[in-house]
Every structure is written in C-alpha cells, then in structure tokens.
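Architecture and fold: a report
Spelled out, the chains give:
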Amino acid sequence: MKNDILRIATRKSALALWQAEHAAARLRAAHPGLAVELVPLTTRGDQILDRPLATIGGKGLFLKELEVALLQGSADLAVHSLKDVPAELDPGFALGAVLPRADPADAFVSNAYATLADLPEGARVGTSSLRRQAQLRALRPDLELLDLRGNVNTRLAKLDDGGYDAIVLACAGLERLGLAARIRARLDAPRWLPAPGQGAIAAEVRAGDTRVLELLAPLEDADTRRTTAAERAMNEALGGSCTVPVAAWAVLGERGLALYGLVGDPARGTLLRAHAEGDAGAPAELGRAVATALFAQGAAGFLDAPAGDTRRVESP
C-alpha cells in the first residue's frame, strides 16, 4: 500500500457506497493529506436475488469478494454493515474499527397502514430474514409472509408496485439513504429484537496490518464495540447465521451492559428469550451467558447443532 493512499473495498449498492464514503470521510478528516479511494465490487450475495440467503450460504456471501481483494492487495480495508459480518471471521482477518452505531431498530414500512397491528388479517408482508419472519409469526400468525430480496430501493419499489401490504427493513439503512420518511413505525426493543450488530458499520482489515489499524483508530467507538461484541458473542455461541433466526440487542446503562437475546422458529412463531446484565468490560462473557440461557430453554432444537451440543457456548 502506498503511504498516502488507502483503498476501501465495498459492495456497489447505494447503502454500501454510502457507508464506505462515510468511513472515507471520517478517515480524511482524521488524517489530512490521506487519499482515500473506494473499490466497488459485486458479491455473490448481490448477484443471486431469486433465492433466500438462508438457502445459498448466508451473510458471508456479502464478504467473500471483498476479502479476496484484501488478500490480493487490491484493497486495504473493507467496509461492511456489521450485521452482515459472520460471528467468526476467517483466519487472517480482523475488525479494525467499529464506528458509532445508528438506530439499531427494524422499521415497519407500508403505504396504507401505520403499524403492524393495523394490518388486516392475511396481509402480505415482505422479508427474507428468518429472524424477522419468526417475530412476525409470533405477533401476527395470520399474516402471509413473502420473500423479499434486493437493495433498499428495490425492496421499496416492490412495495410501491403493490406486491406487498408492508415490508420490514432496518431503520439505519433508510435513514442513511435519506428515506427516513418511509418509516411508518419503529419495531422497538426489547419486544422486537434486531439482528446482532444492526445499525453499526465495521471496517475489516488484514490481521496484523498495523498501518491500517493505526489509521482506523480514530474511527473506533468504544461503546458500539462493547454492545455489538456482546451481541456477536451470543450469536457465535449459538452458531448463528442467516440460516438461524437469532436476534440480539445490547445496551449500556448505569449498572453495566444489558443483553437481550432471542431464538425463533419462523414456521411456528415460537420464540425463546433470555436477558442478562454484566460487566461492560466483559461483553463476550455476557453474550455467552445469554446463549447458555437460551440453550437451557431448548434453543438447540431451533438451531443446526444437535440437541445437547454445548460446544458453541464454551469460552474460546
């Protein structure tokens, strides 16, 4: 890498480009004279839009091409939505910075109805997220849940074309694209839980790349790192991915860190919930504790691991 140029690998969607440019602007402000360039790439997850992510390999599909660019030296870091980053990175990679978190909540979006409760019986709701499907099924088992893929604008266009009565998206993505007016209602935690890491932006780097890590240091937000670390540790302990409906939300308070976790069954709408509080300095320990509580309730039956398999909740 040239000392005066930093190259950021990013997906080509409008939201991904916004996030990458946001990180680039922060880097330029922190390091006057540093040239920051975007390297837009198309991932397999962007190319396959006719099947749910759960059937084609999960969220890691949005990272692989960007990680290849890092390994080949055509990029120096990659910027992601943290919720798209697997709970456990492949060897050779690290999260170099976690930026301040935006609104982590999900958004209820509809042109005709103000809230989820207002939807008529049998209304069509679009989402490909198993986590969202499980929570929708628990709250409104009468709804018809339909697959919905594509970038934010594509999903909104499908709603506007009449294919759905409502869709569920992330508040942060809508707000970042200047589309906050499309949010009819926030689906608030802890009743409705978001994806682990939702609303946060992460910079992935080659492990041990000290120069890039030093450049990224001013972008790091300690509070967001702590809360998302707890959520991601719970997700990792559960073996969470796009193929399992896992939700988590951590919040810092006067007594430390509180974590709410959920595992659901998207077919039946059955939800398992757990909550714990702990030391803000030990977020991973808290995440594993909530995962253990979920396993104690029978979460293994909702996950890919055989029942009784506790290996995923052992300390690393």
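Quick summary incoming for the structure in this document.

Conventions we followed
Residues numbered from 1 in each chain as written. Predicted model: local features only at pLDDT ≥ 70, side-chain atom pairs only at ≥ 80, totals over all residues. Heavy atoms only, no water. Helix = DSSP H or I, 4+ residues; strand = E, 2+ residues; numbered from the N terminus. Buried < 20%, exposed > 50% of the residue type's maximum accessible area, 1.4 Å probe, protein only. Contact = heavy atoms within 4.5 Å. Areas by Shrake-Rupley, 256 points an atom, 1.4 Å probe, with all protein chains shown as cover. Pairing = 2+ DSSP bridges. Axes fitted to C-alpha atoms, helices over the stretch in contact; angles between N-to-C directions. Phe/Tyr/Trp six-rings, centres within 6.5 Å; stacked < 30°, edge-to-face > 60°. Lys NZ or Arg CZ within 6 Å of the ring centre and 35° of its normal.

**As for the overall build of the protein**
The helix and strand tally for the protein stands at nine helices and 13 strands. Within the protein, the proportion of its 316 residues that are buried is 53%. Within the protein, contacts between residues at least 6 apart in sequence are counted, and of these 68% link residues at least 24 apart. A total accessible area of about 13,300 Å² is found for the protein, and carbon and sulfur atoms account for 51% of it.

**Here's the deal with the environment of glutamate 37**
Of note, glutamate 37 is situated in strand β2 (residues 35-41). Through-space distance from the C-alpha of glutamate 37 to that of leucine 6 is 6.2 Å; in sequence the pair is 31 residues apart. For glutamate 37, the contacting residues outside a window of four places in its chain are Ile5, Leu6, Arg7 and Ile8.

**Observations concerning the sheet that holds strand β9 (residues 185-187)**
The strands making up a sheet associate through hydrogen bonds between their backbones, and the pairing can be parallel or antiparallel. In spatial order, the strands read β7-β6-β8-β5-β9; together these five strands make up an open sheet with mixed pairing. Edge strands, defined here as strands with exactly one partner in the open sheet, are β7 (144-146) and β9. Within this sheet the neighbouring strands show an average axis-to-axis angle of 30°, counted without direction. Set on the sheet, helix α5 (residues 152-160) makes contact with β5 (106-109) and β8 (166-170); between it and β8 the angle comes to about 165°.

**What to know about the side chain of glutamate 67**
Structurally, the position occupied by glutamate 67 is in helix α3 (residues 64-72). Overall, glutamate 67 belongs to the buried group, its relative accessible area being 4%. Setting aside its immediate chain neighbours within four residues, glutamate 67 contacts Leu89, Asp90, Phe93 and Glu204.

**Some details on the sheet that holds strand β3 (residues 77-81)**
The strand order across the open sheet formed by five strands is β2-β1-β3-β10-β4, and the pairing between neighbours is mixed. Strand pairing shows two members of the sheet lacking a second neighbour, β2 and β4 (93-98), which therefore form its edges. Geometrically, the sheet is characterised by an average inter-axis angle of 30° between neighbouring strands, direction not taken into account. Pairing geometry for β4 and strand β10 (residues 201-206), over five bridges, is antiparallel. If you follow phenylalanine 93 over to β10, its bridge partner there is arginine 206. Seen against the sheet, α3 touches β1 (5-11), β2, β3, β4 and β10 and runs at an angle of roughly 165° to β3.

**Overview of the packing of aromatic side chains**
Applying the stated criterion to the full structure yields one aromatic pair. The lysine or arginine in question, arginine 268, covers the ring of phenylalanine 302, its NZ or CZ lying 6.0 Å from the ring centre.

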